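Survey of secondary and tertiary structure
For reference, the chains in residue letters:
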Amino acid sequence: MTRVGFGFDLHPLVPGRPLVLGGVTVPSDVGLSGHSDADVLSHAIGEALLGALALGDLGRHFPDTDPRYRGISSLALLTDVLALVQGRGGRLVNIDATVLAQAPRLSPHLDEMAKRLADTLRIPVDRVSVKAKSPEGLGLLGRREGIAAMAVVSVEV
Ligand code: MG
């Protein structure tokens, strides 16, 4: 059986934090706030992986009240999520993800994000698609109050 999972995440942008997306630190005057490294792209992918097998969301498995997850690399969370999926007999086939960010320009970094995600999730990089979309100045994303990400994954069980 092939199953599909969808994930969405959104984090606020604040001064004094690094901007980490797909495990890559992108040069930026502001970064995402959150309990972990707030890597919104990795979180969306993790939510999609859990969703494919109806295993709930990241907050259920990695509560932000747990000091173990404070400042943790979200790639480490993805490694744990992958183990959960594999433990249920799941095999990740591919990822398609979009980051919604007004700034900075992400296109120079998308290949590196795909590579880091592919390495972490142990699939060939040609099965990881990372795209960036500008919100065209609209709404909270356009005002640079936050960055959002969406991801779809397919998992063979
Ligand atoms: Mg998150």
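Cut-offs and rules
Residues numbered from 1 in each chain as written. Predicted model: local features only at pLDDT ≥ 70, side-chain atom pairs only at ≥ 80, totals over all residues. Heavy atoms only, no water. Helix = DSSP H or I, 4+ residues; strand = E, 2+ residues; numbered from the N terminus. Donors = N, O, S within 2.8 Å, 3.2 Å for Na, K, Ca; no water. Buried < 20%, exposed > 50% of the residue type's maximum accessible area, 1.4 Å probe, protein only. Lys, Arg positive; Asp, Glu negative; His and termini not counted. Salt bridge = Lys/Arg side-chain N within 4 Å of Asp/Glu carboxyl O. Polar contact = N/O pair within 3.5 Å; in protein donor to acceptor, adjacent residues only side chain to side chain. Contact = heavy atoms within 4.5 Å. Core = buried A, V, L, I, M, F, W, Y, C linked by side-chain atoms within 4.5 Å. Pairing = 2+ DSSP bridges.

In this section: the environment of His109. The residue His109 is located in the loop between strand E5 (91-100) and helix H4 (110-121) in this model. Once the C-alpha coordinates of His109 and Glu136 are considered, the two residues, 27 residues apart in sequence, prove to be 20 Å apart.

At 2.0 to 2.2 Å from the magnesium ion lie its protein donor atoms, namely Asp9 (OD), His11 (NE2) and His43 (ND1). In terms of primary sequence, the donors binding the magnesium ion are separated according to D-x1-H-x31-H. Linking Asp9 in strand E1 (residues 2-15) with His43 in helix H1 (residues 40-52), this pair joins segments that are 34 residues apart in sequence. The pair formed by Asp9 and His43 is uniform in burial state, with each residue classed as buried.

This brings us to the side chain of Asp9. The side chain of Asp9 is buried and forms no salt bridge, while Arg17, the nearest opposite charge, is found at 11 Å. There is a polar contact of 3.0 Å between the side chain of Asp9 and the side chain of His11. A distance of 3.1 Å separates the side chain of Asp9 from the side chain of His43, its partner in a polar contact. In this structure Asp9 touches Val40, His43, Ala44, Ile147, Ala148 and Ala149, once residues within four positions along its chain are discounted.

What follows concerns the nonpolar core. With 48 residues, the main nonpolar core has Leu21, Leu41, Ile45, Leu49, Ile95, Met113 and Ile147 as its most contacted residues. Broken down by element, the residue count for this core peaks at eight residues, all from H1. Excluding its chain neighbours within four sequence positions, the residues that come into contact with Leu21 are Val26, Leu32, Asp39, Val40, Leu41, Val99, Leu106, Met113 and Ile147.

The phi angle of most residues is negative, glycine excepted, and most peptide bonds adopt the trans form. Looking along the chain, the bond that leaves Ala103 and enters Pro104 is cis, with omega of -5 degrees. Here Pro104 shows up in the loop between E5 and H4. Of note in this structure, Ala38 is not a glycine but carries a positive phi near 65 degrees. Looking at the secondary structure, you find Ala38 in the loop between strand E4 (30-32) and H1. Phi angles above zero are rare outside glycine, and Arg122 is one such case at about 55 degrees.

Looking at chain direction, E1 and strand E7 (residues 146-156) are connected through eleven bridges and run antiparallel. Its bridge partner lying in E7, Thr2 is registered against Glu156. Where E1 and E4 come together, three bridges link them in antiparallel fashion. Bridged to Leu13 within E4 is Leu32.

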